[in-house]
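For reference, the chains in residue letters:
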Amino acid sequence: MLFTTISSVLALTSFASAQLQPLHTSSRWILDSSNKRFKLKCINWAGHMEAMIPEGLHHNSASGIAQIVSDSGFNCVRLTFSIDMALSQSTKVSDSFSILASRTGADAGAVSDLWNSVKAKNSWIESATTGDAFGTVVDALGSHGIRVILDNHVSHASWCCNLTDGNGWWAEASGYNDGNSRFFKTASWTQGLAAMATFAKSHPAVAGIGLRNEIREVPVVQSQGDWYTYIVQGAQAVHDANSDLLIIMGGTLSSTDAHFLRDKPLDRSPYGDKVVWEWHQYTFSPPWIASFKSCGIWKTAVGAVTGFLITQNQAYTGPLWLSEFGVGMTGGPPEQSGIGSADDYNYLKCIVEYASGNDGDWALWALQGNYYVRDGQVDYDEAWGLLNSDWSAWRNPAVKDVIAPLFQTTQGP
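All of these numbers come straight from a predicted model, not from anything done at the bench.

(A) Geometry of helix α14 (residues 342-357). If you check α14, its first and last C-alpha atoms are 22 Å apart, about what 16 residues at 1.5 Å a residue would give, namely 22 Å. Residues D344, Y345, Y347, L348, C350, I351, V352, Y354 and A355 constitute the buried set of α14.

Next up, the structure:
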């Protein structure tokens, strides 16, 4: 009986280990170690804000949240981080929370209660560092076979994103004196990427790193030359530190525009079979606005600026990951599955139709039902959050039916 038990444990361990082997690319596909397609079916989980740990640990344990992610059918989490955190992984979480009120303008008593709730749900965290906290969350997800893409969301730990938050463009390239790029220092950025790539060596659930979320600048017309210059530096920093990782790259205009790659493909050869393109789309994103909310016109528009990247046998062909999309989860009538406004509902149906029609990789924004602190408010509710306010179940179960086609895998190499 003991032999049987040990054999079962070893078999499970071997199975989990096989699930967490490095991924790679071929043409428009992401493949696992056996060269079978691994379609990214992901949920975003914020960890880039001032507390410098993944959100929600005041409402549920890391293992409890990982279980919900797994039970919901996701095979991947896009876990966001700041360069502040990446370069200070030895900071105690207790120290991070001790200055959270002064960082955010939140009530000190409420933050103290918040920290007590985090410790009550996760006893291991009292002596943990921020790096330990990320590692514990990543490992909890990995125990369910869930892959993690670490996404560099911002440099300065804070909410994201707007054109003046200082996190949108490389400061050295900006040429502006209005402070719009004051936090995006290239040297710190590449050091932070390398630090997280090194972190991933001890946490095999990490499959890749997103170089930078929603690259953007004032004015709206952005320098593609700068993009080519600096994106290569970020890619090289990741690859030099950990060549097993996928390297995820988004275009300009907040990851909505990569049209320039059609005529000037990036040389991806230094990184082998590891580069994945990413794109974002919301109701307020340019192609949707420009389409006058017509799904057919929008599909044509988005195909011209990003969708073309999955065209087979081109110099730019690669996997294309819709790494952010989403809507307010509640507030609409039953015929809209309780989803926000009619525009929100129509947009979501359209983007699901487009992504499932191409069998594209995707990541819904977002898991978190609330934040430790946002806009100075403790336990700030996230209306776009998949989970409810106590992180125990889906906020709006009807959303499952709307996005169900995305979970199917219908194409492959």
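Having seen it, we continue.
(B) Seen up close, the pairing of strand β4 (residues 76-82). β4 sits mainly inside the fold: 7 of its 7 residues count as buried. Neither face of β4 is exposed, since C76, R78, T80 and S82 on one face and V77, L79 and F81 on the opposite face are all buried. Summarising the sheet, strand β3 (residues 41-45) and β4 pair through 4 bridges and their orientation is parallel. Residue pairing in the sheet places W45 in a bridge with L79 of β4. The parallel pair β3 and β4 is bridged by helix α2 (residues 62-71), and the resulting crossover is right-handed. In this structure, β4 lies alongside strand β5 (residues 147-154), joined through 7 bridges in parallel fashion. Across the sheet, C76 pairs through a bridge with R147, a residue of β5.

(C) Structural context of the state of the cysteines. Applying the stated criterion to the full structure yields 3 disulfides. Here C42 pairs with C76 through a disulfide, and the sulfurs are 2.2 Å apart. Taking the torsion about the S-S bond as the criterion, the C42 to C76 disulfide, at about 95°, is right-handed. Remark: C76 occurs in strand β4 and C42 occurs in strand β3; sequence separation between them is 34 residues. Of the two residues, C42 and C76, neither departs from the other in class, the shared state being buried.

(D) A look at unusual backbone geometry. The residue after C160, namely C161, is reached through a cis peptide bond having omega 20°. If you trace the backbone, C161 turns up in the loop between β5 and α8 (171-174). Geometrically, the link from W365 to A366 is a cis peptide bond, its omega value of 5° lying close to zero. A positive phi angle is found at D375, which is not glycine, with a value near 55°. Within the secondary structure, D375 is located in the loop between β11 (370-374) and β12 (377-381). Its identity as a non-glycine residue notwithstanding, D379 has a phi of 60°, on the positive side.

(E) Quick peek at the packing of aromatic side chains. In the structure shown here, the tally under the stated rule is 24 aromatic pairs. An angle of 85° between the planes, with centres 5.0 Å apart, marks the rings of W362 and F407 as edge-to-face. Of the two residues, W362 is situated in strand β10 (residues 361-364) and F407 in the segment after α15 (399-403); the sequence distance between them amounts to 45 residues. Since its relative accessible area comes to 21%, F407 is described here as partly exposed.

(F) Molecular detail of the sheet that holds strand β8 (residues 275-280). Around the barrel, 8 strands lie side by side as β3-β4-β5-β6-β7-β8-β9-β10; this closed barrel has parallel pairing. Taken over all neighbouring pairs, the strand axes of this sheet differ in orientation by 30° on average, direction set aside. Note that β5 and strand β6 (residues 206-210) share 4 bridges and pair parallel. The residue of β6 that forms the bridge with D151 is G210. On top of the sheet, helix α7 (residues 130-142) reaches β3, β4, β5 and β6; it is set at about 175° to β4, its chief contact.

(G) Seen up close, the nonpolar core. Within the largest apolar cluster, 112 residues are counted, with the highest numbers of intra-cluster contacts made by F97, W170, W227 and M249. With 8 residues, the single largest contributor to this core is α14. With sequence-adjacent residues up to four places away left out, F97 is seen in contact with A51, I53, V111, L114, W115, V118 and Y372. Counting residues in hydrophobic clusters, the runner-up holds 13 residues, among them L40, C76, A207 and W321.

(H) Quick look at the packing of helix α9 (residues 186-200) against helix α10 (residues 224-241). Between α9 and α10, whose axes approach to 8 Å, the crossing angle comes to 30°. When the axes of α9 and α10 are compared, the pair comes out roughly parallel. As for the relative orientation of α9 and α10, their crossing is right-handed in sense. Facing T186, W189, T190, L193, A194, A197 and T198 of α9, the residues of α10 in contact are Y230, I231, Q233, G234, A237, V238 and A241.

Cut-off values and rules
- Residues numbered from 1 in each chain as written.
- Predicted model: local features only at pLDDT ≥ 70, side-chain atom pairs only at ≥ 80, totals over all residues.
- Heavy atoms only, no water.
- Helix = DSSP H or I, 4+ residues; strand = E, 2+ residues; numbered from the N terminus.
- Expected span 1.5 Å × (residues − 1).
- Buried < 20%, exposed > 50% of the residue type's maximum accessible area, 1.4 Å probe, protein only.
- Pairing = 2+ DSSP bridges.
- Right-handed = clockwise from strand over helix to strand, strands pointing away.
- Disulfide = S-S within 2.5 Å.
- Phe/Tyr/Trp six-rings, centres within 6.5 Å; stacked < 30°, edge-to-face > 60°.
- Axes fitted to C-alpha atoms, helices over the stretch in contact; angles between N-to-C directions.
- Contact = heavy atoms within 4.5 Å.
- Core = buried A, V, L, I, M, F, W, Y, C linked by side-chain atoms within 4.5 Å.
- Parallel < 35°, antiparallel > 145°, perpendicular 65-115°, else oblique.
- Left-handed = near helix turned anticlockwise from the far one by under 90°.

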